[in-house]
Every structure is written in structure tokens, then in C-alpha cells.
Amino acid sequence: MDEKLNRNLNFDAYTYGIEPGGLRSKSDINTIICYTVTKSKVRLTAKNICDTMVEGGIANYFEVMDAFSRILKNKIITEDENGYLIPSVQCEQLLEMVEMDLPLSIREKSINIATRLAAKEIYSKENKVEIEKSENGFNVIMHVTDKNQDFMVLKLNVPTKEQAEVIKDKFLDDPVKVYDNLINSLFS
């Protein structure tokens, strides 16, 4: 009985870096990649997916990269000319059969993290942040841009480089939110 049970568990993936409840089988890792690409409402890159799995403690980095290698080679998912992932019909059919085998918490987590990371990637391409050394610490200069034209530039002075980096990261998480909050504060 124990021998049969152990055979059926099929925990064949490296688990270093995953959180409790993370994925421990290669087939589950393949499935979560297909699930995330297919169900996400934003366009994702392979980097977005890998970062999602690692940041969320969902799967081991090396296992995710190995899964991507197989998935791309077998054309289960393809990349367009800009590097965005496109699920094949085979990927969507696979999901219909097995997506419920993945825990709901893992499915939700993968979509939420992937969406946040994809938005941050887009924001960092469209908006820029500069950190400059000043007499009193560091200036963080944040640009909110639309069609290559700044419509808001915000400059903050902070005492340390670490604080400047935190502000940069927070700004790039959602520059529109920063802009909206500032405008709402000014006009309320």
C-alpha cells in the first residue's frame, strides 16, 4: 500500500525556494505555466512567468526554466515577435482537463503576481526614475510619461541610497496611482 501511494505522489521536481503548498511535480509546473499564460488578462513574457513562480514560492527557478524549455520546444506555448507568450490550442485543451488539479490558492496567486509583474514591466518601460547623488543625500526624479512626453516630474530628496531605491521600486509598481493620489490631494 505505501509503495503504491509513494508511486502516485510523483514528487519529481526540486523544491528549494518553494513555499509550503508550492508545486513539487514537473507536470504541475507545466500546468501552472499553461494556466497562467492562458488565464491571465495581460500579455506575459517568459521572464514574467519565471519571476511569478519564484517570487510567489510556487516553483523552483530551475524547474520553471526546464518546463519552459519543454513547453516552447513542443510549441505548447509560443512567443510573438515582442516576446509575449501565446498559448496553443493544445495548451488550452490540456487546461480543460487538468486545471482543477492545481490548488485554487496557487492558481490565484500565479495570476495576481503575474499581472502585477507585467504591469510593473510596462510601467518601467514607459516611465523612468533617476537617482542622483546630492549634497543632502539622494534625489529621486520620477517621470510620468504619456507618448514619450512627461506630463509630471516629481523630485524627492532622501537621505540614503536604499531609501531612494525603495521609492523607485514603489513608484514603478504603479506610477498612475502616484499621479492620481497627487492630483486628488491637490484638488480636494
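Up top you'll find the structure we're talking about.
Note that the coordinates shown come from a computational prediction; the quantities given were computed from them, not determined experimentally.

The next subject is the sheet that holds strand β3 (residues 128-134). What the 3 strands build is an open sheet, ordered β3-β4-β5; its pairing is antiparallel. Each having just a single partner strand, β3 and β5 (149-158) make up the two edges of the open sheet. Adjacent strand axes in the sheet meet at a mean angle of 20°, parallel and antiparallel pairs treated alike. Where β3 meets strand β4 (residues 137-146), 7 bridges bridge the pair, whose relative direction is antiparallel. Residue K133 lies in a different strand from β4, and its bridge partner there is F138.

Once that is clear, we can look at the packing of helix α3 (residues 46-55) against helix α4 (residues 61-73). Contact geometry for α3 and α4: axes closest at 9 Å, N-to-C directions at 145°. In this structure, α3 crosses over α4, and the sense of that crossing is right-handed. Contact residues: α3 offers A46, I49, C50, M53 and V54, while α4 offers Y61, V64, M65 and F68. Classifying every residue of the contact of α3 with α4 gives 9 nonpolar, no polar and no charged.

Its location among the elements puts E92 in helix α5 (residues 89-98). A relative accessible area of 37% places E92 in the partly exposed class. Each C-alpha atom of the pair E92 and Y16 lies 29 Å from the other, and the pair is 76 residues apart in sequence. Setting aside residues no more than four positions away along its own chain, E92 makes contact with T38 and P87.

What counts as what
Residues numbered from 1 in each chain as written. Predicted model: local features only at pLDDT ≥ 70, side-chain atom pairs only at ≥ 80, totals over all residues. Heavy atoms only, no water. Pairing = 2+ DSSP bridges. Helix = DSSP H or I, 4+ residues; strand = E, 2+ residues; numbered from the N terminus. Axes fitted to C-alpha atoms, helices over the stretch in contact; angles between N-to-C directions. Left-handed = near helix turned anticlockwise from the far one by under 90°. Contact = heavy atoms within 4.5 Å. Nonpolar A, V, L, I, M, F, W, Y, C, P; charged D, E, K, R; others polar. Buried < 20%, exposed > 50% of the residue type's maximum accessible area, 1.4 Å probe, protein only.

Read these as layout, nothing more, since geometry by itself doesn't imply function.
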